[in-house]
Amino acid sequence: MIGKLTGRIDYRAADHVLIDVRGVGYLVYCSERTMAGLAGVGQPCALFTDLVVREDLMQLFGFPTLAEKEWHRLLMSVQGVGAKAALAILGTLGTDGVSRAIALGDWSAVKAAKGIGPKIAQRIVLDLKDKAPSVMAMGGTVAQALGEVPADETQVIEPVPVQAAPSTAQADALSALGNLGYGPSDAAAAVAQAAGDAPEAETPALIRAALKLLAPKG
């Protein structure tokens, strides 16, 4: 299994890149959102990857974070959702958007992705709602996972620029609510709604907002 590639971009297309790793070229398919964030031809690139094998085809799919890679795999676990459809959802919503839509049961947001009909969108929300909290708690970029580019790779490319760290506020808020005894699904839904209302909120503010949403009504 090829789990990560670090190399130079030799070629860019609308939905994939060719990454040269020590003279071997890997064709990697990415979401529109990921493609937009990649460097130009000749520049260093690092992606987490997932190899999807079918009877007649093998394809590599690339992701800038472990959370996006995990969401892609979870989305594909839903009946009727293939690798390209999962990429379309991630490209439309991003990892935070997918987490929020599934945690809140908002299948209409999932349906906004190209090629995703209402029945499939509803199935995705129903099948993955209980799994959303664990993926929402994930984070990290390739550079963060590696810590730094290994010495034997510095001869091939320059060090991969460290990407901005994803916000850990949602993960920390989920952990705090779990420690307070709230169930994963309820906590995830509350944190997702709070984060949607205040995208820039830090952990303490998210916890306070989520607790208000979880408080008994009446």
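Residues numbered from 1 in each chain as written. Predicted model: local features only at pLDDT ≥ 70, side-chain atom pairs only at ≥ 80, totals over all residues. Heavy atoms only, no water.

1. Section: the nonpolar core
Line of reasoning, step 1. Trp71, Ile89, Val110 and Ile124 are the most contacted members of the largest nonpolar core, which has 41 residues in total.
Line of reasoning, step 2. Listed by contribution, the elements that provide at least two residues to this core are helix H2 (66–76), helix H3 (83–103), helix H4 (107–111), helix H5 (118–128), helix H6 (132–136), helix H8 (169–179), helix H9 (184–197) and helix H10 (203–214).
Line of reasoning, step 3. Ranked by the residues each element gives to this core, the list is headed by H3, at nine residues.
Line of reasoning, step 4. Beyond its immediate stretch of four places on either side in the chain, Ile124 contacts Leu75, Val78, Val81, Ile89, Ile102 and Val110. (Core = buried A, V, L, I, M, F, W, Y, C linked by side-chain atoms within 4.5 Å. Buried < 20%, exposed > 50% of the residue type's maximum accessible area, 1.4 Å probe, protein only. Helix = DSSP H or I, 4+ residues; strand = E, 2+ residues; numbered from the N terminus. Contact = heavy atoms within 4.5 Å.)

2. Some points on the environment of Phe48
Line of reasoning, step 1. As for its position among the elements, Phe48 is in strand S4 (residues 44–53).
Line of reasoning, step 2. Through-space distance from the C-alpha of Phe48 to that of Phe61 is 8.3 Å; in sequence the pair is 13 residues apart.

3. Some words on the side chain of Thr203
Line of reasoning, step 1. Relative to the elements of secondary structure, Thr203 occurs in helix H10.
Line of reasoning, step 2. Not counting the four nearest positions on each side in its chain, Thr203 is found in contact with Thr168, Ala169, Asp172 and Ala173.

4. So, unusual backbone geometry
Line of reasoning, step 1. One non-glycine residue, Arg22, adopts positive backbone phi at about 55 degrees.
Line of reasoning, step 2. Owing to a relative accessible area of 51%, Arg22 belongs among the exposed residues under this scheme.

5. As for the pairing of strand S5 (residues 58–63)
Line of reasoning, step 1. With five of its six residues buried, S5 lies for the most part within the structure.
Line of reasoning, step 2. Both strand S3 (residues 24–29) and S5 contribute to a ladder of two bridges, which runs parallel. Note on S5: the bridge partner recorded for Val28 is Leu60.
Line of reasoning, step 3. The antiparallel pairing of S4 with S5 creates a hairpin that spans four residues between the two strands. (Pairing = 2+ DSSP bridges.)

6. Side note on the pattern of salt bridges
Line of reasoning, step 1. Per the stated rule, a full pass over the model turns up two salt bridges.
Line of reasoning, step 2. Notably, a salt bridge pairs Arg73 with Asp50, separated by 3.7 Å at the nearest N-O pair. Of the two residues, Arg73 sits in helix H2 while Asp50 sits in strand S4, which places them 23 residues apart along the sequence.
Line of reasoning, step 3. Arg54 serves as the salt-bridge partner of Asp56, at 3.6 Å between the closest nitrogen and oxygen. (Salt bridge = Lys/Arg side-chain N within 4 Å of Asp/Glu carboxyl O.)

7. Considering the confidence of the model for the protein
Line of reasoning, step 1. Looking at the protein as a whole, the pLDDT averages 81, with 85% of positions reaching at least 70.
Line of reasoning, step 2. Per-element confidence in the protein ranges from a low mean pLDDT of 43 for helix H7 (residues 142–146) to a high of 95 for strand S2 (residues 16–21). (pLDDT = per-residue confidence, 0-100.)

8. Some points on H3
Line of reasoning, step 1. Its 21 residues give H3 an end-to-end C-alpha distance of only 21 Å, which falls more than 12% under 30 Å, the value for a rise of 1.5 Å per residue.
Line of reasoning, step 2. Largest kink in H3: about 95 degrees, centred on Gly94.
Line of reasoning, step 3. Most of H3 sits out of view: 15 of its 21 residues are buried. (Expected span 1.5 Å × (residues − 1). Bend = angle between axes of the 7 residues up to and from the residue.)

9. A closer look at the packing of H3 against H5
Angle between the axes and distance between the axes: these two values describe a pair of packed helices.
Line of reasoning, step 1. With their axes 12 Å apart at the nearest point, H3 and H5 run at an angle of 45 degrees to one another. It follows from the interaxial angle that H3 and H5 lie oblique. The two elements H3 and H5 cross, and the hand of that crossing is right-handed. Facing Ile89, Ala101 and Ile102 of H3, the residues of H5 in contact are Ile124, Val125 and Leu128. (Axes fitted to C-alpha atoms, helices over the stretch in contact; angles between N-to-C directions. Parallel < 35°, antiparallel > 145°, perpendicular 65-115°, else oblique. Left-handed = near helix turned anticlockwise from the far one by under 90°.)

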